[in-house]
Structures are given as structure tokens and as C-alpha cells.
2 protein chains.
Amino acid sequence: MELTERKLKILQAIIDDFVFSAEPIGSRTLSKKLDLGISPATIRNEMADLEEMGYLTHPHTSAGRTPSDKAYRLYVDTLMERHPLPVEEQTAIRTRLNENFNELNKTIEKAATLLSEITNLTAFALTPKEDNNQLKYINLLPVDKTSVVLMIVTESGKVSNTVIRLRSGYDQRKLEILSKMLTYNYRGRELSSIQTIDLVKKVEADIAALSAMSGFMENFMPEFLRTLEKMLDTELYMEGLTNIFDIPEYNDLDKARMFLKMMKQKDRFTEVLDNRADGVIITIGEENTDEEMKDCSLITATYRVNGKFIGKLGVIGPTRMKYDEVISLVEFMTDNLSNTFQITGDTDSEE
Amino acid sequence: MELTERKLKILQAIIDDFVFSAEPIGSRTLSKKLDLGISPATIRNEMADLEEMGYLTHPHTSAGRTPSDKAYRLYVDTLMERHPLPVEEQTAIRTRLNENFNELNKTIEKAATLLSEITNLTAFALTPKEDNNQLKYINLLPVDKTSVVLMIVTESGKVSNTVIRLRSGYDQRKLEILSKMLTYNYRGRELSSIQTIDLVKKVEADIAALSAMSGFMENFMPEFLRTLEKMLDTELYMEGLTNIFDIPEYNDLDKARMFLKMMKQKDRFTEVLDNRADGVIITIGEENTDEEMKDCSLITATYRVNGKFIGKLGVIGPTRMKYDEVISLVEFMTDNLSNTFQITGDTDSEE
DNA sequence: GATTAGCACTCATGCAAAGAGAGTGCTAAC
DNA sequence: GTTAGCACTCTCTTTGCATGAGTGCTAATC
């Protein structure tokens, strides 16, 4: 059977209506709304065809039709009209994203918040995985008798610090030497490569021999490695979880519970996100591999930090969603993030 | 009317049963369970008395009785037997709390996680408010052409850093001088006092005059103040939110939604917590001042960091909860946190 | 051949009635 | 003071029934 022009129009109308109302739509209503001069009976015939082709479903015999996942897929791929965001909205988003200009993670979190606010869905943002990020320097600074701060800075400007509590005291001058030695040894190394045992052992031996600080090292080294590991971790921000309560599809305690319990498993969701390709990716209902997500649609897009490290941003909601709007929005926001996180480096010393 | 021994026994039995089953309990069941050799009829009379006194309620005429808030209050104040935590549980908790020994906030977050896991309720932890915390030193470190790291350390060992992106470049040597000047000027000041304008203005003027860095200062000062402000903020961790789905009282979409939406308002909840006195505080149902919490019970306890800064830890759940267990647990955990966060300072320099 | 009117049929939904079950309150007897 | 007995109340579940929205099919129409 062929998807005639008219069938497409009918399908489109059903999708539009259903996305708006969440109610199955019948032939009579559709005939009135469609204004094509065809009677409900004709529409019924067309709808029966569309159902046979797999674009429509029936909740029960005497109910109207609802679009299937296949219909949404068709919609997203060919039917959907794309509109750029209205200029006011663009500037509003830009302003709010720039409020936390110099805190990368805050900006990313804000992006998720904004996204959920605008779409009224659940939005999330994954901070970039900085795998091949090189270490710039390591600094050890005294806090009090038994604590020092370990500060690590990478070439990309990522900074991490940990307060390390030591079992023994330390000597401040030696701390400075140690900082320099560590920096000298590790500078330019990729964070992930430092975890390898032989490199660590070598440095450890060098330093211990040089300054007779072996007692100190015992406390310090494990913490140092843990901090590095932590720097490789990504962070997942999730916003608007309770928005699902306002979505008719989830007007059912069990469904809402299921959804929330799944989203609470951040590790698992992060993995799902990690496995998605770059660019704007849309998976609709059954297209999702995870069982619990088979009645959701997931839209993700990627942004870049310094044109290099890839983070993700997106939305999860019922398959019935305003794909056109959400896609435009997600695209706009990731583009914007990528721009914000681009090192300009064009201004130079002045004062 | 008087609360006779027998009335107390009956009340206790009703509470015990209801806490366990969440079902109203009738005279016949109670008579069998109670084993006092009194008939259902007698129990009915006693229950009628207890209801008149305000300790019991009736969901409807032909239902059993349920304890009122007043009954729980009596239970907590006088009826409840306190048992110390079993030793295995104590050690298990201690071990898990110490897993993140040197990250204060992680330990606190873990405490909330544990608390929610053990009680199957929603648990939360508030990091201490370090109001009168004195500044120890300020360090500015270069990252790249247009970014510097601002690092602030307080006397209590709290460390905060921000990457500040500057509109103009800077001179590394001057950065060092600036660090020293800022430290010299602010050391020993309380964080909150630094926000006052005149002090800031004075320092700003001094530095600008001294090193002709006014261009730099324009970018730097607002960020510096923001970072300080951020250091005064507390963090609220909340765990086990979805546990409410397993509680019969919330087997109702509207109630669950209400609860979750309320708990999402972290600012508001933080304020509620801030207003609570020190030590273990229990507020039951109507005793809570917030409208949305009038069918919940809130149990909070305080812990101390360095014997000084006060943080809070607690649980929120239905009024029907195992008060004895939860209270013991919360108490044990806060005691433990206070110990963990006590500076020992007894070991001295060695190597 | 496509379109349409007409009609029987299906199913969800809402409502009322009926019966079962749990539990109470009261009275009268112990 | 305690208890047995009984009428009464209220919830909950089941059943039947009417309603309405919508379909599928057939036969007539364009």
C-alpha cells in the first residue's frame, strides 16, 4: 500500500492533535478539523489503511486512533517542519546561560534547568568526559597541622582540589618541593595514563628517595590517584523530574513510580547516554534498547568544551511530545554551550 | 479521665500494630493479640475513652481505630523503649561512613544515603553553616592566558576554588603579589564580614594603587565576593525520595506528587531545617508549622564539625513510623559524624 | 472506482443497587 | 466492671444497565 498525500495529511493531523490533547482521535472529529471535504467514513477507511501499515493504533475497538512509534519516526524524519527559535527566546536563553559564566558545571546544570523549564519535561545534562586531558600542574598547600590541600589543574583549565588528612605531620618546605617534583614528573601526561602503576611507582620511588618522605607518601599517593580518577568522572544533572506528574500518560502511580525509580539510577542512565552517538539523536519508544524506556522518547545532543571534550544535553518524555520544538531547543542550546566553552584566546596581556 | 495502665497498654498495642500494618485495628483483633483476658467489648469501651481523650481516631464509623498525632507524641515521650543499635549495624555504619574519610561533604552525603537505606524513608543532610569561619589564606594561580584559579582556605580547613575568566590578560608575578596582599588584608577575618562594602573598597583601593592593576580588579573583585558568599552557603543532600512510593500512605498519586514537589523546593526545606533547635528534634504531624508537612513526621539531629559548626541530619516520613529505631539511628549517626569531624590534633610532626 | 450514508456492533465509563464484611455503640445481663 | 448480643453504619466489591463515542461493513451514490 502506498502513503498517498491524503494519508500523510491525515496522519499528520492525528499526530498534531494527539500531541496536543493526549486523547485518541476519531474519524468524525478529524473530518471536521481537517477541512478536506471528506466524510468521516472516508477517513475511517484511510485510518484503517494507516493502521494496517503500522502508523496507527487502537487502544480498544470503539476508541479513536493514536499514532504509533513508527508514525512519530515518520513525523520526525519527514513530516516535521522546523522553525528556528523566536529571537526573544534565544536571547533569554543566552542571558540565563551566561549568568554563571565562569563555572563550567554551573552553566551546564543551568542548561538542564532551562531545558526542563521550557519543555516541561525531564531534562538532563552530562558534563564532558575529559579523557585525554593533560595535566598542567600539581600544587600542595598547607591547611593545618595534619591537612594539606591537593590541587590539580589540567591544560583545559579544569581544577580539582581535595583536602588530604594525614596521619603524620609534614614540613611545609618539603611540600613545595614535592609540588614541583610532581608537576615536573606528570606535566603533559594524560589524566587517564597516570593511573598506570609503573609510572606511579617510579615517581613515588623518586620522590621518596629524594626527600625521605616515604611516610608522607603512604598517605598521599592513594588520595592523589583517587583525585585524578574523580577528575575523569562525569557529572549528570537531572532537572524537572516531577514534571512527569503533569503528563497525562503518567497519571498512574505505577508508571510514575517506574519512571522516577529508573531516572534515579544515575549510573545506568549515564551509561545509556554514553552509548549514544554525537549530534542530535532521537530514539522513540520501542527504538530504545532499555526495557524501561520503551514508552519514552529520548532526545540528546552534544556540545563541546574547548572544541574537544564532548558533553551531552537532552530531554526524556513520553513518545507524545512536541518533537519539532524540543529538537530546535536542544540544538540551539548545545550550539550555544559549545560557543560559550570555546577558548577565544584572542585578547592578550594589556595592563 | 485518667490514662490507666490498661489504657496505655491498649494504646501501645494499637500504635505497634498500626506502625507495622498501616491498617486501622479493631477491638476483636486487638483482644486476641493483647492477651489481657479482656473481651472485645471492654476494649471497645476503652478505645472509646481513648478516642474521647484524643489519642485515637476513626477513619469512618465502621472502621478500626488509628493513633492520632497526640498518641505518637505520648509514645515518643514516654511509652517508647529505646534500644541501642546492634553492634554489627554500628560497625557497618561506621565503616561505610569512613569510606570517604577526607571529603567532608561526601561523608555527609553518605550519611543521608545510609539513613535512607536503613529506614526506607526519605533522609536528608545539611552541611554545616560556617558563619564565623575565619579566612586563612587566598591564593591566585595561573591557568592559562585568560584564566586564573582563585583558591580560598579557611581556618577550619574548608577549601573553595573558582576559575575566573578575565577579559584581559595578566602578569604572573603580579598575581603572586596580589595573593599575598589579599591574604595579608583578609587573614583572620570572618567570611561573612568581608562582604561589607567599606572593607572591600579599602582593600581594592590599596591594591589598585599599589600595583596599577585596576583593570584586573574590575574582573576579579565581583568573583572574589561571589566565591566567599558561596562558601557560606550550605548544601542539602536528599536521598531516598522515591521510597515514598513504597509507603501505603502515599499510594495515591496526588499525595505522592505533593510530597515530591515539596521536597524539591530545597530552599524552603533548608529554611525549615535551619529553624530547628539543636539535638534530636521530633515534630509529629500537626506539630509541623508548614502546611504541606502536617501529615508527616520530621526527625532531625545535629552534628558538629570541629566541635563548632553545626550541621543537620534527619528523616522525613509518614507520622506512622518506627520512631524508636529512627531516633536511635539518627542519634548514633550524628554522634559518629561529630567524632569523625573532630580535629584530633594530637599527632605532631614526625618525619 | 472512490466516496458516503446508514446501521449494527463494541467497548469504556458512569451510576445505582445489592451483598458481604468489618467494626462500632448501646443495652441488658452477669 | 465486664461481657454477650444485636442493630446499625460504612466501605468495598460486584453486577447490571444505560450512555456515548467510535468503529467496520454494506449498499447506495457520485
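Shown above is the structure to which this text applies.
In this report, the structure presented in the accompanying data block is examined. Remember, it's a predicted structure, so these values are computed and weren't measured experimentally.

1. Section: the sheet that holds strand β7 (residues 236-239) of chain B
Residues and elements named next belong to chain B.
Line of reasoning, step 1. The 5 strands are arranged β7-β3-β10-β9-β8 in an open sheet whose pairing can be described as antiparallel. Edge positions in the sheet fall to β7 and β8 (281-284), since each of these pairs with one other strand and no more. Across the sheet, the axes of successive neighbouring strands diverge by a mean angle of 15°, strand direction being ignored.
Line of reasoning, step 2. Pairing analysis gives 4 bridges linking strand β3 (residues 122-126) to β7, with the strands arranged antiparallel. Bridged to Ala125 within β7 is Tyr237.

2. Things to note about the protein's contact with DNA strand C
Line of reasoning, step 1. Every one of the 21 residues lining DNA strand C counts as a neighbour, but Arg6(A), Thr42(A), Thr61(A), Ser62(A) and Ser27(B) are closest to it.
Line of reasoning, step 2. With respect to DNA strand C, the side chain of Arg6(A) contributes an N or O atom lying 2.8 Å from a phosphate oxygen.
Line of reasoning, step 3. Contacts to DNA strand C include Ser39(A), whose backbone N or O atom sits 2.9 Å from a phosphate oxygen.
Line of reasoning, step 4. Considering every element that reaches the surface near DNA strand C, the biggest residue donor is helix α3 (residues 40-53) of chain A, with 4 residues.
Line of reasoning, step 5. Its residues assigned to classes, the surface near DNA strand C comprises 4 nonpolar, 13 polar and 4 charged.

3. Some words on the interface of chain A and chain B
Line of reasoning, step 1. Facing the 56 residues of chain A at the interface are 56 residues of chain B.
Line of reasoning, step 2. Carbon and sulfur atoms supply 50% of the area that chain A and chain B bury against each other, a total of about 5000 Å² over both sides.
Line of reasoning, step 3. Salt-bridge contacts for Lys230(A) lead to Glu103(B); the nearest nitrogen and oxygen are separated by 2.9 Å.
Line of reasoning, step 4. Our enumeration of links across chain A and chain B arrives at 10 residue pairs in polar contact (both at pLDDT 80 or more).
Line of reasoning, step 5. Elements represented by at least two residues in the side of chain A that touches chain B include exactly β4 (135-144), β5 (147-154), β6 (159-165), α10 (214-232) and α11 (253-264) of chain A.
Line of reasoning, step 6. Looking at side-chain class alone, the side of chain A that touches chain B contains 20 nonpolar, 16 polar and 20 charged residues.

4. Focus on the pattern of salt bridges
Line of reasoning, step 1. Tallying each qualifying case throughout the model produces 38 salt bridges over all chains.
Line of reasoning, step 2. Two residues, Arg65(A) and Glu51(A), come together in a salt bridge whose shortest N-O distance is 2.5 Å. Note that Arg65(A) is positioned in the loop between β1 (56-57) and β2 (66-67) and Glu51(A) in helix α3, a separation of 14 residues in sequence.
Line of reasoning, step 3. We classify Glu51(A) as partly exposed; its relative accessible area is 23%.
Line of reasoning, step 4. Of the charged contacts, one joins Glu103(B) and Arg226(A) as a salt bridge, the two residues approaching to 3.1 Å between their closest N and O atoms. Highlighted residues: Glu103(B) in the loop between α5 (87-98) and α6 (104-119) and Arg226(A) in helix α10, drawn from two different chains.
Line of reasoning, step 5. Connected through shared salt-bridge partners, Arg6(A), Lys7(A), Glu46(A) and Asp49(A) make up one network.

5. Quick notes on the relation of the copies chain A and chain B
Line of reasoning, step 1. After a rotation of 180° and a shift along the axis of 0.0 Å, chain A superposes on chain B with an RMSD of 0.1 Å. Both copies are brought into coincidence by an operation consistent with a two-fold rotation axis. Relative to the rotation axis, the C-alpha of Leu253(A) is the closest in chain A, positioned 2.7 Å from it.
Line of reasoning, step 2. A shared binding surface is used by both copies, with 100% of the interface residues of chain A retained as interface residues in chain B.

6. Here's the deal with the side chain of Glu46(B)
Residues and elements named next belong to chain B.
Line of reasoning, step 1. As for its placement among the helices and strands, Glu46 is situated in helix α3 (residues 40-52).
Line of reasoning, step 2. Since its relative accessible area comes to 6%, Glu46 is described here as buried.
Line of reasoning, step 3. Once you skip the residues sitting within four places of it in the chain, Glu46 turns out to touch Thr4, Arg6, Lys7 and Ile10.

7. Concerning the nonpolar core
Line of reasoning, step 1. Core analysis: the largest hydrophobic core is formed by 154 residues, its most contacted members being Tyr323(A) and Tyr323(B).
Line of reasoning, step 2. Sequence-distant contacts of Tyr323(B), that is, excluding residues within four places in its chain, are made with Tyr72(B), Tyr75(B), Val76(B), Met80(B), Ile282(B), Ile284(B), Ser297(B) and Ile299(B).

8. Structural notes on a positive patch on the surface
Line of reasoning, step 1. Together, Lys264(A), Lys266(A), Lys264(B) and Lys266(B) make up a region of like positive charge exposed at the surface.
Line of reasoning, step 2. Looking at where Lys264(A) falls in the secondary structure, it is placed in helix α11.

9. As for helix α2 (residues 27-34) of chain A
All names here are of chain A.
Line of reasoning, step 1. Every buried residue of α2 is accounted for by Ser27, Leu30, Ser31 and Leu34. The buried residues of α2 occupy an angular sector of 105° when the element is viewed end-on, so they sit on one face. Turned more than 90 degrees off the buried face of α2, the exposed positions are Arg28, Lys32 and Lys33.
Line of reasoning, step 2. Looking at the buried residues of α2, the elements they touch are α1 (5-21) and α3.

Conventions adopted
Residues numbered from 1 in each chain as written. Chains lettered and ligands numbered in written order. Predicted model: local features only at pLDDT ≥ 70, side-chain atom pairs only at ≥ 80, totals over all residues. Heavy atoms only, no water. Pairing = 2+ DSSP bridges. Helix = DSSP H or I, 4+ residues; strand = E, 2+ residues; numbered from the N terminus. Axes fitted to C-alpha atoms, helices over the stretch in contact; angles between N-to-C directions. Near = heavy atom within 4 Å. Polar contact = N/O pair within 3.5 Å; in protein donor to acceptor, adjacent residues only side chain to side chain. Nonpolar A, V, L, I, M, F, W, Y, C, P; charged D, E, K, R; others polar. Contact = heavy atoms within 4.5 Å. Buried area = accessible area lost by both parts, 1.4 Å probe. Salt bridge = Lys/Arg side-chain N within 4 Å of Asp/Glu carboxyl O. Buried < 20%, exposed > 50% of the residue type's maximum accessible area, 1.4 Å probe, protein only. Least-squares fit on C-alpha atoms with pLDDT ≥ 70 in both. Core = buried A, V, L, I, M, F, W, Y, C linked by side-chain atoms within 4.5 Å. Patch = residues over 30% accessible without salt bridge, like charges linked within 9 Å, V, L, I, M, F, W, Y side chains within 5 Å. Areas by Shrake-Rupley, 256 points an atom, 1.4 Å probe, with all protein chains shown as cover. Lys, Arg positive; Asp, Glu negative; His and termini not counted. Charge placed at Lys NZ, Arg CZ, Asp CG, Glu CD. Arc of directions from axis to C-beta.

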